[in-house]
Amino acid sequence: MTTPPTTMTTPVMTDVPPRPPSTSGGGAPNRSAAAKFRKLVTNRVGSAVAIVIAVLWTLPTFGLFVSSLRPEADIRSTGWWHVFTDPSFTLANYERVLGGATSTNLAVYFQNSLVIAIPATLLPLGLAIMASYAFSVLKWRGRDWVFVGVFALQVVPLQMALIPLLRIFSGSAAADAFPFLSLWVAHTIFALPLAIFLLHNFMGEVPRELIEAAQIDGAGHVTVFLRVMLPLMRPAIASFAIFQFLWVWNDLLVGLTFSGGSRTIQPLTAALAAMAGDRGQEWHLLTAGAFVSILLPLVVFFSLQRFFVRGLLAGSVKG
Amino acid sequence: MSFLLYSKNGQLVLALVAFAAVFVLLLLIAKLAERATGRARGALMVAVFGGPALALLAVGLIYPAIRTGWMSFMNARSEVFVGWANYAHVFTDPGGVIALRNTLLWVVLAPLLATAIGLVYAVLIDRSRFESAAKSLLFLPMAISFVGAGIIWRFVYEYRGAAQEQTGLLNALIVWSGGEPVRFLQDSPLNTIFLIFVLVWTEAGFAMVVLSAAIKAVPQDIIDAARLDGVSSWQMFWRVTVPSIRPSLVVVLTTISIATLKIFDITRTMTGAEFETQVLANEMYDWSFVFGDNGVGSAMAVIIFLLVIPLVIYNVRQMATNRAVRG
């Protein structure tokens, strides 16, 4: 390649704006005009591709939302894009999925999901923060081996532990008195390996001098944990909390198996999946129901996007 | 009292109070243990901080996983030892073979497509004026559950007979441009591809976020050097960007593969595993919890586990090299 380095010929530190690209040949060789043309085309094609992807990634959700606001008869007869030419909106679908007859009422499941997700976020978080302190600050024999073991547990798919874990709970008095207990514990267990691994990594980045300085001042482990670690870990804790909340809220497998189909504890996803199976053509209910279920994650996601991205980049991804 | 025990919100409050009490208690024990001396002190500290989590993992994950491995060699009710019969069943049963074939398709196509789309998009919007808004658009589906995504896309794929007006977006477009409506979810084997696309739709955002960060971390001097050599943007992409972010690409690919192996929600919501769309994870659910055959169900869980292991090892090794490279 023989193109001269353009940076060398550009005068440095002047107020003269860069020359606009000239289309009248002049002294410029043909090759550079062709290059400019090619660049323009790739830019155009590139932008077009980006726009197509962006549309494909948002339009389906938008269509669902628009449909959920249309009258039942309209949803049955025409596509949602007809609202642009013939707008008619109603909240009737939401009234049915949030307050209608029991068989189509999702409000109770929304509450179930909240009751499941809040403790199932806080419990693993608390346990994992404490455990990661044991793995990164405390010094004990065999520590690194145990840590590798915990890390390796991430390999175990949910499916692998499901049936025996279910058996541990089924029929026990505690499970009868506290129907949500098995869901909280199951979600906690499945979250722990990743949570401990991530929080341990964050804790490892806290400068040792800070801990030593506190210890010289006479602080014990409890004080170091509460006064030094917790404040410094706040961003890491926030991103993991968001992940875990979204994970539990969106989970179907644990919700389905551990609720045993019981209406009193089943989460929203399980109820929605059942609705999709039994009432697959009742789109006025499905669209509104689906939107009810994705509303909270979307709000969480958009308000806390910063932490979400940070968490993603730290490798906090589960499947 | 009855509020706490017999209403949902009551149980929620009770749980939160109980959990908080446990944490306070643990820290109090640790505080007291600090007065102890010598070995006992260190052991107590480890027990207080690490003990609860480790105990839960042992009882709730390690023991059940071993038990599932054991159950995969037992009959449906885990009473009689049957050797490899359950595994043989998975590989010979016509339904099982379809599930294995589809799972293979999923695990090959979904990560590749999601990563490719995420990468292209990340490159295209890099340093553009709308970069952060454009990113939000692509990873918005990440916040949506697979059940939600399944319903969203079932609506897009909706099919009506040719005589009726199409209400699904895709079929409306096809009819509008003069084609015949397509039964996206019913006609095998393409229906599996259309299901896979739903996973691509939810995972591309993850690929894009990670790869975008990797692209931004490519050292500026490499890019400048390539520019000096006058490479085109196409060459820049293949010869500079892709090799520089190779470790991140591998991590993204393997992470999505691992997730793909465990996916059952999409199939369940969109086709109910009918029309030859069954996948291993959903079949595992059906055998264990619908047909009540713990033997075959456990064997399928073990197969998923065995398929995941090499991916995880590769993923972890790649992450370790990433760290080493970044320093």
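Residues numbered from 1 in each chain as written. Chains lettered and ligands numbered in written order. Predicted model: local features only at pLDDT ≥ 70, side-chain atom pairs only at ≥ 80, totals over all residues.

(A) Quick peek at the overall build of chain A. The secondary structure content of chain A amounts to 16 helices and zero strands. Of the contacts made within chain A by residues no fewer than 6 positions apart, 71% connect residues no fewer than 24 positions apart. (Helix = DSSP H or I, 4+ residues; strand = E, 2+ residues; numbered from the N terminus. Contact = placed C-beta atoms within 7 Å.)

(B) Geometry of the overall build of chain B. Scanning chain B from terminus to terminus reveals 15 helices and zero strands. Its C-alpha atoms give chain B a radius of gyration of 26 Å, more than 25% over the compact-globule value 20 Å for 327 residues. With the C-alpha coordinates of chain B rotated into their principal frame, the extents come out at 75 × 60 × 50 Å. Expressed as a percentage of its 327 residues, the buried residues of chain B come to 43%. Considering only residue pairs separated by 6 or more positions, chain B has 66% of its internal contacts joining residues 24 or more positions apart. (Rg over C-alpha atoms; globule rule 2.2 N^0.38 Å. Buried ≥ 20, exposed ≤ 12 C-beta atoms within 10 Å, placed from the backbone.)

(C) Here's a closer look at the environment of Thr103 of chain B. All names here are of chain B. Here Thr103 lies in helix H5 (residues 94-125). Along the sequence, Thr103 and Thr321 sit 218 residues apart, while their C-alpha atoms lie 29 Å from each other. Apart from the residues within four sequence positions on either side, Thr103 is in contact with Leu261, Val279 and Leu280.

(D) Representation of unusual backbone geometry in the model. All names here are of chain B. Here Ser188 and Pro189 are connected by a cis peptide whose omega angle stands at 0°. Tracing the chain through its elements places Pro189 in the loop between helix H8 (169-176) and helix H9 (190-216). A positive phi angle is found at Phe275, which is not glycine, with a value near 55°. Relative to the helices and strands, Phe275 resides in the loop between helix H13 (265-270) and helix H14 (280-290). Of note in the backbone geometry, Glu276 takes a positive phi value of approximately 60° without being a glycine. With respect to the element layout, Glu276 can be found in the loop between H13 and H14.

(E) Structural detail: the interface of chain B and chain A. Facing 89 residues of chain B, the contacting portion of chain A comprises 85 residues. With 17 residues, the top contributor of residues to the side of chain B that touches chain A is helix H3 (residues 38-71) of chain B. By residue class, the composition of the side of chain B that touches chain A is 60 nonpolar, 20 polar and nine charged. (Nonpolar A, V, L, I, M, F, W, Y, C, P; charged D, E, K, R; others polar.)

(F) Broad picture of the domain arrangement of chain A. Residue and element names in this part refer to chain A. Under the domain assignment used here, chain A contains domain 1 (33-90) and domain 2 (106-313). Using C-alpha coordinates to define each centre, domain 1 is positioned 35 Å away from domain 2. In this complex, domain 1 contributes six residues to the contact, which on the side of domain 2 involves six residues. Elements with a minimum of two residues in the side of domain 1 that touches domain 2: helix H2 (30-68) and helix H3 (72-77). By residue number, the principal contributor to the side of domain 1 that touches domain 2 is H2, which donates four residues. (Domains from an automatic or database assignment.)

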